[in-house]
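Listed here are the chains, written in short residue letters.
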Amino acid sequence: MTERSPQAYGQPPRDGGLLTRLLEVDGLAVEFDTRKGPLRAVRGVSFHVEACETLAIVGESGSGKSVTAQALLGLVPSRARITAGSIAIEGRDVTGLSDAEWRELRGERIAMIFQDPLSALNPSLTVGYQIAEMFRRHRGTGRAQARRYAAELMAQVGIPDAARRLDDHPHRFSGGMRQRVMIAMALALDPVLLVADEPTTALDVTVQAQILRLLRQRREADRLGMIIISHDLGVVARVADRVAVMYAGQIVETGTVPEVYGRPAHPYTLGLMRAVPALRGTGSTLTAIEGQPPDLAEPPTGCSFHPRCPLARERCREEAPEPRELSHGRAVTCHFAEEVLDDA
Ligand code: SF4
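Residues numbered from 1 in each chain as written. Predicted model: local features only at pLDDT ≥ 70, side-chain atom pairs only at ≥ 80, totals over all residues. Heavy atoms only, no water.

A short note on the overall build of the protein
When helices and strands are counted, the protein shows 14 helices and twelve strands. The C-alpha radius of gyration of the protein comes to 21 Å, within 12% of the 20 Å expected for a compact globule of 344 residues. Over its C-alpha atoms, taken along the principal directions, the protein stretches across nearly 70 × 50 × 40 Å. Among the 344 residues that make up the protein, the fraction classed as buried is 50%. Counting contacts in the protein only where the partners sit at least 6 residues apart, residues at least 24 apart contribute 65% of the total. Side chains of the protein give 41 positive and 43 negative charges; the mean places of these two sets differ by 6 Å. (Helix = DSSP H or I, 4+ residues; strand = E, 2+ residues; numbered from the N terminus. Rg over C-alpha atoms; globule rule 2.2 N^0.38 Å. Buried < 20%, exposed > 50% of the residue type's maximum accessible area, 1.4 Å probe, protein only. Contact = heavy atoms within 4.5 Å. Lys, Arg positive; Asp, Glu negative; His and termini not counted. Charge placed at Lys NZ, Arg CZ, Asp CG, Glu CD.)

A few points about the sheet that holds strand β3 (residues 54-58)
Pairing is mixed in the open sheet, where eight strands are placed in the order β6-β7-β8-β3-β9-β10-β12-β11. Each having just a single partner strand, β6 (110-113) and β11 (324-327) make up the two edges of the open sheet. With direction set aside, neighbouring strand axes in the sheet form an average angle of 25°. Pairing of β11 with strand β12 (residues 330-332) involves three bridges; the strand directions are antiparallel. In the strand pairing of β12, Ser327 is matched with Arg330. Running at roughly 105° to strand β9 (residues 242-247), helix α11 (residues 267-274) makes contact with β9 and β10 (250-256) of the sheet. (Pairing = 2+ DSSP bridges. Axes fitted to C-alpha atoms, helices over the stretch in contact; angles between N-to-C directions.)

Here's the deal with the domain arrangement of the protein
In terms of domains, the protein is made up of domain 1 (8-12 + 23-240) and domain 2 (247-343). For domain 1 and domain 2, the distance between their C-alpha centroids amounts to 28 Å. Domain 1 puts 19 residues into the contact, and the matching count from domain 2 is 20 residues. Of the roughly 1600 Å² buried between domain 1 and domain 2 on both sides combined, carbon and sulfur atoms contribute 56%. Contact with domain 2 buries area across many residues of domain 1, yet Arg43, Glu60 and Leu233 alone supply 42% of it, more than any other trio. At the boundary of domain 1 and domain 2, one finds three salt bridges. At the junction of domain 1 and domain 2, the tally comes to ten residue pairs in polar contact (both at pLDDT 80 or more). Contributing elements (two or more residues each) for the side of domain 1 that touches domain 2: β2 (37-50) and α9 (233-239). Considering each element in turn, the side of domain 1 that touches domain 2 owes the most residues, nine residues, to β2. (Domains from an automatic or database assignment. Buried area = accessible area lost by both parts, 1.4 Å probe. Salt bridge = Lys/Arg side-chain N within 4 Å of Asp/Glu carboxyl O. Polar contact = N/O pair within 3.5 Å; in protein donor to acceptor, adjacent residues only side chain to side chain.)

Section: the site of the ligand
What surrounds the ligand is a group of 13 residues, the closest being Cys303, Cys309, Cys316, Cys334 and His335. Grouping the amino acids of the shell around the ligand by side-chain chemistry returns ten nonpolar, three polar and no charged. (Near = heavy atom within 4 Å. Nonpolar A, V, L, I, M, F, W, Y, C, P; charged D, E, K, R; others polar.)

Overview of the confidence of the model for the protein
Parts of the model with low pLDDT should not have their predicted coordinates read in detail. Taken residue by residue, the protein gives an average pLDDT of 88. The fraction at 70 or more is 91%. Here residues 1-17 is a poorly scored stretch, pLDDT under 50, and it has 39 contacts once near neighbours within four places are set aside; other chains count. (pLDDT = per-residue confidence, 0-100.)

A look at the packing of aromatic side chains
For the structure shown, the criterion picks out four aromatic pairs. Their ring planes at 80° and their centres at 5.0 Å tell us that Tyr247 and Phe305 sit as a pair that is edge-to-face. With Tyr247 in strand β9 and Phe305 in the loop between α12 (277-280) and α13 (314-318), this pair connects stretches of sequence that are 58 residues apart. We classify Tyr247 as buried; its relative accessible area is 2%. Exposure remark for Phe305: the relative accessible area of 2% places this residue in the buried category. Centre to centre, the rings of Tyr268 and Phe305 are 5.4 Å apart; their planes meet at 70°, and the pair counts as edge-to-face. Residue Tyr268 is located in helix α11, and its partner Phe305 is located in the loop between α12 and α13; the two are separated by 37 residues in the primary sequence. Cluster of aromatic residues (ring-pair linked, three or more members): Tyr247, Tyr268 and Phe305. Just above the ring of Phe336 sits the side chain of Arg315; from NZ or CZ to the centre is 5.9 Å. (Phe/Tyr/Trp six-rings, centres within 6.5 Å; stacked < 30°, edge-to-face > 60°. Lys NZ or Arg CZ within 6 Å of the ring centre and 35° of its normal.)

Topic: the sheet that holds strand β4 (residues 80-89)
For sheets, the rule is that strands pair by backbone hydrogen bonds, running either parallel or antiparallel. With respect to topology, four strands assemble into an open sheet ordered β2-β1-β4-β5, the strand pairing being antiparallel. Bordering the open sheet on either side are β2 and β5 (92-93), each of which pairs with just one other strand. Looking at chain direction, β4 and β5 are connected through two bridges and run antiparallel. Bridge pairing in β5 places Ala88 opposite Asp93.

Side note on helix α8 (residues 205-222)
Its 18 residues place the ends of α8 26 Å apart at the C-alpha level, agreeing with the 26 Å of an ideal helix rising 1.5 Å per residue. Within α8, burial applies to Val207, Gln208, Ile211, Leu212, Leu214, Leu215, Arg218, Arg219 and Asp222. Looking straight down α8, one finds its buried side chains confined to an arc of 160°; they lie on one side. Away from its buried face, by an angle of more than 90 degrees, α8 presents the exposed residues Val205 and Thr206. Once α8 ends, the next one or two residues include Arg223, with phi positive near 50°. (Expected span 1.5 Å × (residues − 1). Arc of directions from axis to C-beta.)

What follows is the structure, given as structure tokens:
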């Protein structure tokens, strides 16, 4: 089995190994219409992804990480809209694309892996047909050739006996194998960016490790930029280069995984780290972050985290902190980050 190359599917070669900025998100804001008024789910989020790099976006449910991911693929729900900021993929501003333009771009330049492959795949069609359709629809590839490509891709993502399994329906595959099918479909058109929203949440620990290994391998082989959306800090530690921590629709801390995990600078990040036993070593006490995330239709004044923050004081209730750089590539949104660093 030969390794897939961009040329194999009629695409131009990539950049020859140079670092390339594939994604630039600047000041992105997304609002939902609700009966209470606008709900600001994403509030001024900025980040970037280079080729061959994995950025993890972490946070609790409702932090805005999945809405951010949807915006990257032009998939914000109909009752939501982008109200500010920009998204550039390979230098092209895609913020105002029409649905037709997004259909062209999605799969070709940016693709998504969903948490639940069973609901993302069509249960009545064979997996071979569903993968081959990508080539037929987007590239006009002939039926027999598209089938060969589908079998190649399935083999590359580790599905044994791929040529025979082309004619199986999704329910005949285990959870881990179905996720491999999803990954094959996402990679079919040779995108430069892959967004994986909780890609291993539904899988047991052993299969989870296999899928994470596969994603790392594909990132290296295809020089992909990757974004992993996860609430699982253990998963992030195993797969990501950099991490962006989201709270209440904002990024509150960014840095490399060793920096952020080793010495969190935001009280929320510190709380997340302390809530994960595997990251604290054996024998340590698990501490949950007290309180609930705020209602983003009526966010608190000042710092959004202040109602839950053990370090909150008067200034925090009155003045929202701005993101500030602690060192190159490392930023935090907290008035008192230095105290958190000392504590960490
Ligand atoms: Fe806590 Fe204040 Fe920092 Fe907000 S600004 S995270 S309330 S210390």
